[in-house]
Amino acid sequence: MSASETDGTIPSASETPRRLSGADSRLLIALADPEGSMAPPPLAAARAQRLLSQAERHGVLPAVLRKVRPGLSTPDLVPIRDHFAMRYQAGVAFNMQLRAQAKQLQAALVAAGAPALLIKGQDFAENLYPDPVLRPTSDIDIIVPLDRLDEVEAVAARSDFALHPSQRDDEQLERKWIHVRHPMLMLEIQGNLVHAPGLRSVLSLGFDELCPDGDPASAARPSARLAIAGVHAASSHHFELLRLVVDVLQAARRLDGAAEEQALDDLVNRSGIRLALVAALDLADRLYDDARCRSIADALSPVRFRRAARLLIDGRVVMAMETEERALQSWRRSVFRELLKRGGQAPRSS
């Protein structure tokens, strides 16, 4: 165990932390709920540092810090509180820059008649979370029809974005662009949320599936956001961050009414994402005991390999991903990926 883990000092950003105890993992999961009201217990300095460090790594620092900050007032806790408060404030400022650039880019795309759908970070923050600052994001994500990619990228170039120097043409259907004046700002132009070619033959969530009528506005609805959150968590990242599970939780909470439930079922049928989405909902339910996640998952069932996915993917897998024990759990994620290949249903053409 490193000295920083025993004396409560702030560790180096490059230091790989040890896995949290079972009790601390459960505490972090509970504190990460943006709509939860849990009051944290008194925290010793070392424990507070471990929790907040893992919260930042998992992308849930704002929600966790908001709950624990009032209790970090003793002399030994103030340096930890102030360190993570500064990290949080820097993240908020960065997200404000991203939001401004995203809105400018959206306006430019609309003016040019170039179809593109803003997804994930900024869209989730504004539509799924009770306060947008509770959902940190690292870039701007848009999904586009592949046959209109040149039009969209021309607008990006006119909006002061340049293709990332290391970008290569490959089969991932994801192209990274960097703002020429603010190089920390990244734009990802995606053709499909399922990046792995081997998975896209059985599940696909691209512009055509999300916007079958060709209008991006038609996908600005809870059912599409839940599908995006589930596929992003399950197929793109295999549940490597707690924030991904919280996105699914929040999206499920916003799915309300028979029309949205039917829209979700239609989207699942034409995209082949049933197992990926049910696995994501099952995980969110298990971590947060959420009746809405459970009812949506049950409504989308039966689905092949649901039980196997539940056995493979649990809170231990999520909480190990940002620690030195990541490799010990990687086999579970690899087997889950194979289940997605075998249990997926080929997407139906629109």
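Structure: see above.
Bear in mind that the values here come from a model prediction, so they are computed numbers and not experimental data.

Caption draft 1: Structural detail: the packing of helix α4 (residues 61-68) against helix α5 (residues 78-112). Two numbers describe how α4 lies on α5: the axes approach to 10 Å, and their chain directions differ by 140°. As judged from the angle between their axes, α4 and α5 are oblique. With respect to the hand of their crossing, α4 and α5 are arranged in left-handed fashion. Residues Leu61, Pro62, Leu65 and Arg66 of α4 form the contact with α5, whose own contacting residues are Phe84, Ala85, Arg87 and Tyr88. For the contact of α4 with α5, a count of residues per class yields six nonpolar, no polar and two charged.

Caption draft 2: Looking closely at the packing of aromatic side chains. Across all of its chains, the model carries one aromatic pair by this definition. On the numbers, 5.6 Å between centres and 55° between planes, the contact of Phe239 with Phe336 is tilted. Here Phe239, found in the loop between α10 (222-236) and α11 (242-254), pairs with Phe336, found in helix α17 (residues 326-343); they are 97 residues apart in sequence, far enough to count as distant. Relative accessible area serves as the criterion here: at 0%, Phe336 is assigned to the buried category.

Caption draft 3: Broad picture of helix α7 (residues 149-158). If you check which residues of α7 are buried, you get Leu149, Val152, Glu153, Val155 and Ala156. Taken end-on, α7 shows its buried residues confined to a sector of 155°, consistent with a single buried face. In α7, those exposed residues whose orientation departs by more than 90 degrees from the buried face are Asp150 and Arg158. Buried-residue contacts for α7 involve α5, β2 (140-143), β3 (161-163), β4 (174-179) and β5 (186-190). Positive phi shows up at Asp160, right after α7, with a value of about 75°.

What counts, and where the lines are drawn
Residues numbered from 1 in each chain as written. Predicted model: local features only at pLDDT ≥ 70, side-chain atom pairs only at ≥ 80, totals over all residues. Heavy atoms only, no water. Axes fitted to C-alpha atoms, helices over the stretch in contact; angles between N-to-C directions. Helix = DSSP H or I, 4+ residues; strand = E, 2+ residues; numbered from the N terminus. Parallel < 35°, antiparallel > 145°, perpendicular 65-115°, else oblique. Left-handed = near helix turned anticlockwise from the far one by under 90°. Contact = heavy atoms within 4.5 Å. Nonpolar A, V, L, I, M, F, W, Y, C, P; charged D, E, K, R; others polar. Phe/Tyr/Trp six-rings, centres within 6.5 Å; stacked < 30°, edge-to-face > 60°. Buried < 20%, exposed > 50% of the residue type's maximum accessible area, 1.4 Å probe, protein only. Arc of directions from axis to C-beta.

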